[in-house]
Amino acid sequence: MSVTLTTRGDCALITLDRPAALNALSFDVITRIGAAIDEVATMKVRALVITGAGTKSFCAGADIKELQNRSMIEQRRGVEFGQATFARLDRLGLASIAAINGYAFGGGLELALACTFRIAAPTAKLGLPEIKLGLIPGYGGTQRLPRVVGPARALELIMTGRTVEAQEALAIGLVNRIAGGDTVEAALDFATGFTRYGLPALELARRAVLRSLDAPLHEGLETEADLSTLAYQTRDAVEGLQAFVDKRKPEFKDI
């Protein structure tokens, strides 16, 4: 299998398993990623971690041979297919973490950008090198990268196609943390920072932030007010407030 789905504690783990091809994104792999994300949505887990098999590559990008000699219609459909698959991470009711254990180039970085958080190995290398092939990113890179690092840095990285190493990625906000050891274990540990909280509130918080990216500030504040009010109506909120008053640890039930 080129993509595997397992569980680690209360987290789902999707692994791109083509180490001989540096876990490159063939259309079959993208299809399997989408199916795995859909399956995660039905599982009783609290977060999703995505990584690549082996120690060399998270995902080295698109399978270039599949992109050759395609008609304009075929290319458009392929781009829309990749975009739609990665967008499922935005719609997933769980936070996702990319455990970047090596190269994350092109579509591989775009997959990581579609995740909520990114944890990188010290040896990780990231970039969108499509410009070097006469192309531009097509699986969301031109849209998500500016939202993560700002438009000026995003334009620099996209228009030069240069590689960013882990320390620089951390400095510019491209990754949230650099792993001190095993990248997946670091991602799982990172997840414990929020998985103990109620899933409804976590999802509403993510939704409020994501919606604000496509709206003026006043509209974003209205969205935040709506979703914050909705969060107050959950039983988890009642429990959380009462636990604070009682000076005890809350017992969230995801309702």
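Below you will find a few notes about this structure. (Residues numbered from 1 in each chain as written. Predicted model: local features only at pLDDT ≥ 70, side-chain atom pairs only at ≥ 80, totals over all residues. Heavy atoms only, no water.)

What follows covers the sheet that holds strand S10 (residues 177–178). Taken in spatial order, the 6 strands make up an open sheet running S1-S2-S3-S5-S7-S10, and their pairing is mixed. Of all the strands in the sheet, the pair left with one neighbour each is strand S1 (3–8) and S10. Lying over the sheet, helix H4 (residues 107–114) contacts strand S2 (11–16), strand S3 (47–52), strand S5 (96–100) and strand S7 (117–120), oriented at roughly 145° with respect to S5. Each of S1, S2, S3, S5, S7 and S10 touches helix H8 (residues 183–191); the most contacted strand, S5, lies at about 155° to it. (Pairing = 2+ DSSP bridges. Helix = DSSP H or I, 4+ residues; strand = E, 2+ residues; numbered from the N terminus. Contact = heavy atoms within 4.5 Å. Axes fitted to C-alpha atoms, helices over the stretch in contact; angles between N-to-C directions.)

This brings us to the layout of surface pockets. The calculated volume of the largest pocket comes to roughly 710 Å³. Those elements that provide at least two residues to the lining of the largest pocket are helix H3 (72–91), H4, S7, helix H5 (141–149) and helix H9 (199–212). The class makeup of the residues in the lining of the largest pocket is 14 nonpolar, 4 polar and 7 charged. When its volume is computed, the second largest pocket comes out at roughly 430 Å³. Surrounding the second largest pocket, 24 residues form its lining, Ala62, Ile64, Leu67, Gly106 and Glu130 being those nearest its centre. Elements that contribute at least two residues to the lining of the second largest pocket include exactly helix H2 (64–67), H3 and H4. Here the lining of the second largest pocket gets 3 residues from one element, more than from any other, and that element is H3. (1 Å grid on protein atoms, 1.4 Å probe; cavity = no way out; pocket = protein on both sides within 12 Å on 5 of 7 lines; lining within 4 Å. Points joined across faces, edges and corners; volume = space filled by probe spheres on them. Nonpolar A, V, L, I, M, F, W, Y, C, P; charged D, E, K, R; others polar.)

Helix length check: helix H1 (residues 27–40) (14 residues) gives 20 Å between terminal C-alpha atoms against 20 Å at 1.5 Å per residue, within 8%. Here H1 has its buried residues at Phe27, Val29, Ile30, Ile33, Gly34, Ala36, Ile37 and Val40. In the core, the buried residues of H1 are packed alongside S1, S2, S3, H2, H3 and H4. (Expected span 1.5 Å × (residues − 1). Buried < 20%, exposed > 50% of the residue type's maximum accessible area, 1.4 Å probe, protein only.)

Our next topic: the pairing of S5. Most of S5 sits inside the fold, with 5 of its 5 residues counted as buried. Of the pairings in the sheet, the one linking S3 to S5 comprises 4 bridges and is parallel in character. The partner of Val49 across the bridge, within S5, is Ile97. Pairing between S5 and S7: 4 bridges, direction parallel. Pairing of Ile97 across the sheet is with Phe117, part of S7.

For H8, the tally of buried residues reaches 7 of 9 residues, placing the bulk of the element in the interior. Within H8, burial applies to Thr183, Val184, Ala186, Ala187, Leu188, Phe190 and Ala191. Taken together, the buried residues of H8 touch S1, S2, S3, S5, S7 and S10. For H8, the N-terminal capping position is held by Asp182, with its side-chain oxygen 3.1 Å away from the main-chain nitrogen of Val184. (Polar contact = N/O pair within 3.5 Å; in protein donor to acceptor, adjacent residues only side chain to side chain.)

Enumeration over the complete set of coordinates arrives at 1 cavity of 30 Å³ or more. Taken as a whole, the largest cavity holds about 40 Å³ of empty space. Lining the largest cavity are Arg46, Gly93, Leu94, Ala95, Leu199, Leu202, Glu203 and Arg206. Tallied by class, residues from the lining of the largest cavity come to 4 nonpolar, 1 polar and 3 charged.

It is worth stressing that arrangement in space is one thing and function is another; only the former is reported here.
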